[in-house]
Amino acid sequence: AWLSASFVLLAACGAEPANEPAPPSARVDERPVGTQDLDNAFATPPGEGIAIVNGSQAAAINVTMPDDFDSLPQNLRDELSARANAGTEAFIAAAEADQESARNEGFEFRPHALDVVWKRSGPPEGVLTGFVGTYTIYTGGAHPNLSFDKVNWDVEADQPVSFEDIFDDADA
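Some thoughts on helix α2 (residues 74–85)
Given a rise of 1.5 Å per residue, 12 residues ought to cover 16 Å, and the 16 Å separating the end C-alpha atoms of α2 matches this to within 8%. Of the positions making up α2, those classed as buried are L76, R77, L80, S81, A84 and N85. Buried residues of α2 fall within an arc of 160° about the axis and therefore sit on the same side. Once α2 finishes, G87 follows within two positions and takes phi at roughly 85°, a positive value.

Here we look at the pairing of strand β5 (residues 145–154)
In the sheet, strand β4 (residues 128–138) pairs with β5 via 10 bridges, with the strands oriented antiparallel. Paired with L128 across the strands is D154, a residue of β5. Taking the residues between adjacent antiparallel strands as the criterion, β4 and β5 are bridged by 6 residues, where G140 takes a positive phi near 100°. Here β5 runs beside strand β6 (residues 159–160); their pairing, made up of 2 bridges, is antiparallel. Within the sheet, the bridge partner assigned to W153 lies in β6 and is P160. In this antiparallel pair of consecutive strands, β5 and β6, the connection spans 4 residues, and D158 shows a positive phi of 55°.

Rules used in this analysis
Residues numbered from 1 in each chain as written. Predicted model: local features only at pLDDT ≥ 70, side-chain atom pairs only at ≥ 80, totals over all residues. Heavy atoms only, no water. Helix = DSSP H or I, 4+ residues; strand = E, 2+ residues; numbered from the N terminus. Expected span 1.5 Å × (residues − 1). Buried < 20%, exposed > 50% of the residue type's maximum accessible area, 1.4 Å probe, protein only. Arc of directions from axis to C-beta. Pairing = 2+ DSSP bridges.

Note that all results are geometric; they support no functional claim without further evidence.
Here's what the structure looks like:
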């Protein structure tokens with residue numbers, strides 16, 4: 001429920017003939033938690049993978065949160081959700097612009113895909129825990145691009161912890 005509410009505003013319609021209903025230009029899915037192997041970001045469960053959407057959709061976004069997401073403190077859920085949602089509007093806008101450019105210049109458009117996976121990377125018990133976010137981004141090229149994010153969390157203070165909070169000289 002948290003994800004669908006976050007992404008309701010992201011669906012936008014492209015220009016389509018008036019006699020046909022306009023399909024959404026982006027598809028946003030909530031995938032079951034725990035579907036991506038952190039050790040191999042390109043590994044996929046049987047029958048899944050980078051989303052394949054029809055040519056009328058500019059983008060697909062899939063978000064997977066940690067298995068224990070519902071039991072995490074609210075502040076931590078908010079932090080992970082904000083990071084998972086960051087950049088999605090710009091991603092959809094870029095996909096729609098690429099789709100329009102392809103249409104105007106007469107070449108095949110390959111729908112874009114964003115797969116966001118957050119998993120716990122630190123111990124579930126103790127003063128500190130950590131999470132890593134893997135972002136697989138496909139924009140029509142030969143292969144997807146991959147980036148990462150991390151959250152170190154102070155369980156007792158219920159807030160993120162930066163390297164500067166832990167080390168006197170973060171540059172050392």
